[in-house]
Amino acid sequence: MKKLAIVIVLMFGGLLFYSALEFPPWGDPQAPASTHVSPRYIEQAVSETSVPNLVTAVLADYRGYDTMFETIVIFSAGVACLLLLRVYRREEIETRLYRHLPTGITLRVKGERKIPKDSQDFEQIDLTWVPYDLAVKTTCRMIVPFSMIFALYVIAHGHHSPGGGFQGGVILGASVILYAISHNLRLSLLRISERLAVLLCGLGVFIYAGTGLLCTLYGANYLDYSALSQLLGVDPVTARSHGILMVEIGVGISVMAVMVHLYYNLASAGRHDEGL
Amino acid sequence: MIWQIELIVLIIVVICGLAAISIKDLLGAAVLFGAYSFMMCLLWAIMGAVDVAFTEATVGAGVSTVLFVAAVFRTTRRTRD
Amino acid sequence: MSELLLLIISKINYWVYILLMMIGLYAIISKNNLVKKIIGMNIFQTAVILFFISIGAKKNATIPIIEHGLHPEGHAVRAVDYINPLPHVLMLTAIVVAVATLGVALALVVKIYQQYGTLEENDLISMLKE
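Residues numbered from 1 in each chain as written. Chains lettered and ligands numbered in written order. Predicted model: local features only at pLDDT ≥ 70, side-chain atom pairs only at ≥ 80, totals over all residues.

Asker: Can you walk me through the overall build of chain C in this structure?
Answerer: Looking only at helices and strands, chain C has 5 helices and 0 strands in total. Element order for chain C, N to C, with α for helix and β for strand: α-α-α-α-α. Against the globule reference of 14 Å for 130 residues, chain C gives a C-alpha radius of gyration of 22 Å, more extended than a compact globule. The principal-axis extents of the C-alpha atoms in chain C amount to approximately 75 × 50 × 15 Å. Going through the 130 residues of chain C one by one, you find that 46% of them count as buried. (Helix = DSSP H or I, 4+ residues; strand = E, 2+ residues; numbered from the N terminus. Rg over C-alpha atoms; globule rule 2.2 N^0.38 Å. Buried ≥ 20, exposed ≤ 12 C-beta atoms within 10 Å, placed from the backbone.)

Asker: Would you explain the interface of chain B and chain C in this entry?
Answerer: In this complex, chain B contributes 31 residues to the contact, which on the side of chain C involves 35 residues. Looking at the side of chain B that touches chain C, the elements that each hand over two or more residues are α1 (3-22), α2 (26-46) and α3 (50-74) of chain B. It is α3(B) that contributes the most residues to the side of chain B that touches chain C, 11 residues altogether. A per-class count over the side of chain B that touches chain C returns 19 nonpolar, 7 polar and 5 charged. (Contact = placed C-beta atoms within 7 Å. Nonpolar A, V, L, I, M, F, W, Y, C, P; charged D, E, K, R; others polar.)

Asker: Whenever I open this one, the environment of B:Leu27 confuses me. Can you help?
Answerer: All names here are of chain B. Summarising the element assignment, leucine 27 is placed in helix α2. Residue class for leucine 27 comes out partly exposed when judged on the 14 C-beta atoms lying within 10 Å of it. Beyond its immediate stretch of four places on either side in the chain, leucine 27 contacts Val69, Val72 and Arg77.

Next comes the structure, spelled out in structure tokens:
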């Protein structure tokens, strides 16, 4: 099998080498990739949409359909992970283990009675519990709020600096994952429960598609943001800029929810009891 | 684009890619994959694609490495190949 | 000989991209472990993204963000001064699709391990044949 793989790889590599001799020289401004549509995007983007970041303008306005379907792709990845991994417990558990936080004593509670989830003194543990480190907990507790604020800044400043909806959404999801890693997975499930994460997945797609539908209600094409100028009371150029912002918020919400949901299901193999 | 920096980063990228698929410990493969992602992000930042480099830095070197480590934690760490 | 060297140096991005793609393809075809195959798939995807970004580069051009001093007074924005933003847009979509595919692939791997207890491909095939 390995010999066959080497033969195939060398054959494909040789073909690609031969075709790479025909490429235009690197960095040429007259290369075919840079001459047909993109000069129009570079020269007209600011006068038509008033957004200086060309990548955000092309991503959310000129090529808005692709971004909408990409949001749908990431939403379906979240749904697929839910369907594959999630295990709802059918059998009843006989004993649960609780740990008293001030003293460190472990209780074993039998039967149907259980201590409520958000009590201050007891936390539920499993057989694979390890003691959490104080230095890691304190440092991450200080980092998580600031990284969330930074993520909101990245989403809001996508018009003028590198950034936008995706990057901000992933940083938001990463800060929740950091909270779940440094503290307990159950504690993170108290803050952002599974129901909220799945709801937010769908809400992001709904905001994006809903903005496009709102534009058709005012008589323009689907996802043509200049029709929002009647709703917002500004001229069409600024209305396109605001439409881009609304769409980026939708994308950010959806991406954050899917990242959090993927981590919850992968780290606990679907059972949502104890993670990394 | 300074060609010396680009040459060094390209060589490191190829070495990281080769090492990530031939190491026998899956946790080491996940960490080397995170290093490979980060070197690619530097390469794109050198070439002027700042948005793409930002996205790869958060997605590739952040969330993707964590997902790999979580999957290795739930399955086995050793491999014979 | 010197023109061959010049040819290699001037297009070095393309040679490295072909090399990385072949490394990824080799890992997908010939490795036995499922996680190694997934790593090979991701190396392949990032190599393709490298190719697209290096198509859009231009000499002596700056990043595709127009500075504030140039609008709205009507200074002409020349397309030669800015790096082509169109491949960047397509590659943002490609990166997000890559991480979505990675999430679903790792979910499948965890489920296979829970069911069969191993991740090596030849063991799995012999278990399925019985």
